Amino acid sequence: PNPFNPITQIPFSIPVDSNVEITIFDISGRFVTKVLSSSLSAGTHSAKLNGKNLASGVYIVKMHAISLNGSESFLQSKKALLLK
């Protein structure tokens with residue numbers, strides 16, 4: 001959900017078994033936190049983002065997935081607005 005306050009689930013789907021990393025950056029591009037770094041099976045998943053210690057503002061949520069056999073890669077970024 002956008003905006004969120006202060007805890008939210010980040011839903012995502014991957015078509016094949018993959019190593020998935022979800023990271024959060026502030027609007028200036030500075031790394032804030034890593035939400036997920038795991039090998040996951042194909043399907044729908046979610047990661048929990050706890051913004052309790054973050055300031056209100058716009059953040060970038062970046063998901064990078066690489067298939068376990070290394071043949072496929074996926075990168076997506078979205079904005080998220082934290083309101084407290």
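That block above? That's the structure.
(A) Main features of the pattern of salt bridges. For the structure on display, the rule yields two salt bridges. Residues Glu21 and Lys34 are paired through a salt bridge, measuring 3.3 Å at the closest nitrogen-oxygen approach. Taken together, the positions of Glu21 in strand β2 (residues 18-26) and Lys34 in strand β3 (residues 31-40) put the pair 13 residues apart, joining distant regions of the chain.

(B) Structural detail: the environment of Ser67. With respect to the helices and strands, the residue Ser67 is situated in strand β5 (residues 57-67). On the basis of relative accessibility, which here comes to 5%, the residue Ser67 falls in the buried class. Each C-alpha atom of the pair Ser67 and Asn50 lies 27 Å from the other, and the pair is 17 residues apart in sequence. Polar contacts involving the side chain of Ser67 include one to the side chain of Asn69, which spans 2.9 Å.

(C) Spotlight on the layout of surface pockets. Counted as a void, the largest pocket has a volume near 390 Å³. Considering the residues around the largest pocket, the lining is formed by 19 residues, among which Gln9, Ile10, Pro11, Val61 and Lys78 are closest to the centre. Of all the elements in the fold, those that place two or more residues in the lining of the largest pocket are β1 (7-14), β5 and β6 (73-82). Along the lines of polarity and charge, the residues of the lining of the largest pocket split into eleven nonpolar, six polar and two charged.

The rules behind the values
- Residues numbered from 1 in each chain as written.
- Predicted model: local features only at pLDDT ≥ 70, side-chain atom pairs only at ≥ 80, totals over all residues.
- Heavy atoms only, no water.
- Salt bridge = Lys/Arg side-chain N within 4 Å of Asp/Glu carboxyl O.
- Helix = DSSP H or I, 4+ residues; strand = E, 2+ residues; numbered from the N terminus.
- Buried < 20%, exposed > 50% of the residue type's maximum accessible area, 1.4 Å probe, protein only.
- Polar contact = N/O pair within 3.5 Å; in protein donor to acceptor, adjacent residues only side chain to side chain.
- 1 Å grid on protein atoms, 1.4 Å probe; cavity = no way out; pocket = protein on both sides within 12 Å on 5 of 7 lines; lining within 4 Å.
- Points joined across faces, edges and corners; volume = space filled by probe spheres on them.
- Nonpolar A, V, L, I, M, F, W, Y, C, P; charged D, E, K, R; others polar.

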